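# Working through the structure, step by step
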Amino acid sequence: MLFGFGFSAPIDLLSWVVALMLSAKLIATLVLLLVDRDVRDRPGWGPILWWVTKLTPIIAIPCAVAIALLQRQFDAALLFGAMALFVAIAVPLKVTQRHARIARGTR
């Protein structure tokens, strides 16, 4: 078992962090998919939700790597490490694209 959801061990705390971060990402993504892109770019809750979708994996993936390493599951740690590399490339790329789109004022 990779994740544990008790309240006593460090693995439990890290598991809760991963679950809460990915749940926040899922909810924010679903809300953003329901609204138009113009709403996402206007000041208010749209940009906050957009940033939630980008920042939560940055928090969740290192926690998942730590869980795998604490449980000596090196293959899972390698997989989560690969995911971390993807996030490290994709998030700055998407942030740059969003800033360019907002600066152009187009969809």
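Residues numbered from 1 in each chain as written. Predicted model: local features only at pLDDT ≥ 70, side-chain atom pairs only at ≥ 80, totals over all residues. Heavy atoms only, no water.

As a further point, take the packing of aromatic side chains. Scanning the entire structure with this criterion turns up one aromatic pair. Taking the centre distance of 5.2 Å and the plane angle of 90 degrees together, the rings of Trp50 and Trp51 count as edge-to-face. Over the aromatic face of Trp50 sits the side chain of Arg98, whose NZ or CZ is 4.5 Å from the ring centroid. (Phe/Tyr/Trp six-rings, centres within 6.5 Å; stacked < 30°, edge-to-face > 60°. Lys NZ or Arg CZ within 6 Å of the ring centre and 35° of its normal.)

On to helix α4 (residues 74–104), then. Look at α4: 45 Å from first C-alpha to last across 31 residues, which is about the 45 Å you get at 1.5 Å a residue. Looking only at α4, the buried set comprises Ala76, Ala77, Phe80, Val87, Ala90, Val91, Val95, Arg98 and Arg101. Those residues of α4 hidden inside the fold are in contact with α2 (37–41) and α3 (45–70). Looking at the residues trailing α4, positive phi occurs at Gly105, about 75 degrees. (Helix = DSSP H or I, 4+ residues; strand = E, 2+ residues; numbered from the N terminus. Expected span 1.5 Å × (residues − 1). Buried < 20%, exposed > 50% of the residue type's maximum accessible area, 1.4 Å probe, protein only. Contact = heavy atoms within 4.5 Å.)

Glancing now at the nonpolar core. Counting residues in each nonpolar core, the largest one holds 17 residues, and the members touching the most others are Val18, Ile67, Ala68 and Phe80. When residues of this core are traced back to their parent elements, those giving at least two are α1 (10–34), α3 and α4. (Core = buried A, V, L, I, M, F, W, Y, C linked by side-chain atoms within 4.5 Å.)

Looking now at the packing of α1 against α3. For any two helices packed against each other, one specifies the inter-axial angle together with the distance between the axes. For the pair α1 and α3, interaxial distance at closest approach is 8 Å and the crossing angle is 150 degrees. As judged from the angle between their axes, α1 and α3 are roughly antiparallel. The handedness of the crossing between α1 and α3 comes out as left-handed. Residues belonging to the contact of α1 with α3 are distributed by class as follows: 22 nonpolar, five polar and one charged. (Axes fitted to C-alpha atoms, helices over the stretch in contact; angles between N-to-C directions. Parallel < 35°, antiparallel > 145°, perpendicular 65-115°, else oblique. Left-handed = near helix turned anticlockwise from the far one by under 90°. Nonpolar A, V, L, I, M, F, W, Y, C, P; charged D, E, K, R; others polar.)

The subject of this paragraph is the packing of α3 against α4. The interhelical angle for the contact between α3 and α4, taken along N-to-C directions, is 160 degrees, at an axis separation of 8 Å. In this view, α3 runs roughly antiparallel relative to α4, as classed from their interaxial angle. Of the two elements, α3 crosses α4, and the hand of that crossing is left-handed. Residues that form the contact of α3 with α4 fall into these classes: 19 nonpolar, two polar and three charged.

Turning to its location among the elements, Thr53 is positioned in helix α3. A distance of 2.5 Å separates a polar side-chain atom of Thr53 from the backbone oxygen of Trp50. Here the side chain of Thr53 touches Lys54 through a polar contact of 3.4 Å, side chain to side chain. Those residues in contact with Thr53 that lie beyond four places of it in its chain are Lys25, Ala28, Thr29 and Leu32. (Polar contact = N/O pair within 3.5 Å; in protein donor to acceptor, adjacent residues only side chain to side chain.)

Purely spatial values, then, with no claim about function.
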